[in-house]
Amino acid sequence: GVLTGADDAVDRIIHPDDLPTMRELREKNKDSTALISAILRFQHQAGHYLWVETHWRRIADKYGNFTHSVAALRDITEHKKLVANLELERLNLKLVLDATKIVTYQRDMSSNHLTVSPEFSAVFGYDPSFFEGKPHAQDHLIHPDDISMVKAHWDQYANSDEVSTLVTRAKHKDGHYIWIESYV
């Protein structure tokens, strides 16, 4: 549809918290035909607010006088909800990991490079950066009596989709060994 008195019409349906942003964008670009992009909340006819990705531009005639504006808007409300839910899940997982001292890691099977979570330092005493640039650094953590068992386990499950459990001993930075249970 066409909005007459467009700025006033938009101001009436934009979320009050987003109105200063909209006015700032207008003021900053009042003499420009540059593309303006923003993510703002607009009130739906039914009264609720939608998150909208908007791109608009003022059009000028050959003399530089603004004659009209064109805009493209896209409802991104569901996307914003998904992002918020994902962030909430990430925070919940972080709370669980922090509370239980669970170490997560990823091992690249071709390079044997290990990337560990920050909880690694609380459990093993090493800074997570300990592994950076050291593809076999984790090998010295395995108790000498457990090395053959760990290698056999990795060989068996390295290319499997099956989840397996391994209980072994690992060396803490202070020199003592701790029992760990790994799920791979």
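Look above for the structure.
Now for a description of the structure that goes with this document. The model shown is predicted, which means the values in this text are computed figures rather than measured ones.

Reading the values: rules and limits
- Each chain carries its own residue numbering, running from 1 in the direction its sequence is written.
- Only residues with pLDDT of at least 70 are given local features in this predicted model, and only at 80 or more are side-chain atom pairs given and counted; all residues enter the totals for whole chains, interfaces and linings.
- Side-chain measures were taken over the full set of non-hydrogen atoms in the model, leaving aside hydrogen atoms and water.
- Here a helix means four or more residues in a row that DSSP labels H or I, a strand means two or more in a row labelled E, and each is numbered from the N terminus.
- Only protein chains enter the accessibility calculation, which uses a 1.4 Å probe; a residue whose area is less than 20% of its type maximum is buried, one above 50% is exposed, and one in between is partly exposed.
- Here Asp and Glu are counted as negative and Lys and Arg as positive; His is not counted, and neither are the chain ends.
- The salt bridge criterion pairs a side-chain nitrogen of Lys or Arg with a carboxyl oxygen of Asp or Glu, the two atoms within 4 Å.
- Here a residue-residue contact requires only that any non-hydrogen atoms of the pair lie within 4.5 Å.
- The pairing criterion is simple: DSSP has to find at least two bridges between the two strands.
- A fitted line through C-alpha atoms represents every axis, and for helices the fit uses only the stretch in contact; the resulting angles, taken between N-to-C directions, go from 0 to 180 degrees.
- Only residues whose relative accessible area exceeds 30% and that take part in no salt bridge are eligible for patches, with like-charged residues grouped when within 9 Å of each other and nonpolar side chains (Val, Leu, Ile, Met, Phe, Trp, Tyr) grouped when within 5 Å.
- Note on areas: Shrake-Rupley with a 1.4 Å probe; residue coverage comes only from the protein chains shown.
- Put simply, two rings from Phe, Tyr or Trp (the six-membered ring, in Trp's case) pair if the centres are within 6.5 Å, and we call them stacked under 30 degrees between planes, edge-to-face over 60, tilted for the rest.
- The rule is short: NZ of Lys or CZ of Arg within 6 Å of the ring centre and within 35 degrees of the ring normal puts a charge over the ring.

## Description of the side chain of Glu119
On the secondary structure map, Glu119 appears in helix H4 (residues 119-124). One buried charge, Glu119, has no salt-bridge partner; the nearest side chain with opposite charge is Lys94, at 5.4 Å. Once residues within four sequence positions are removed from consideration, Glu119 is found in contact with Leu97, Asp98, Ile102 and Val103.

## Structural notes on the sheet that holds strand E1 (residues 36-43)
Strand order in the open sheet made by the three strands is E1-E2-E3, with antiparallel pairing throughout. With partners counted over all chains shown, the strands left at the sheet margins are E1 and strand E3 (66-75), one partner each. Strand-to-strand twist of the sheet, defined as the mean angle between neighbouring strand axes without regard to direction, takes the value 35°. Looking at chain direction, E1 and strand E2 (residues 49-60) are connected through eight bridges and run antiparallel.

## Thoughts on a nonpolar patch on the surface
A grouping of Leu93, Val96 and Ile102 is seen on the molecular surface, where their side chains present a nonpolar patch of about 260 Å² in accessible area. Structurally, Val96 can be placed in helix H3 (residues 77-100). For Val96, a relative accessible area of 46% puts it in the partly exposed group.

## Here we look at the packing of aromatic side chains
Taken as a whole, this structure holds two aromatic pairs when the rule is applied. Cluster of aromatic residues (ring-pair linked, three or more members): Phe120, Phe124 and Tyr126. Between the NZ or CZ atom of Arg58 and the centre of the ring of Phe66, over which it lies, the distance is 5.8 Å. Stacked on the ring of Trp51, the Lys or Arg Lys80 has its end atom at 4.3 Å from the ring centre.

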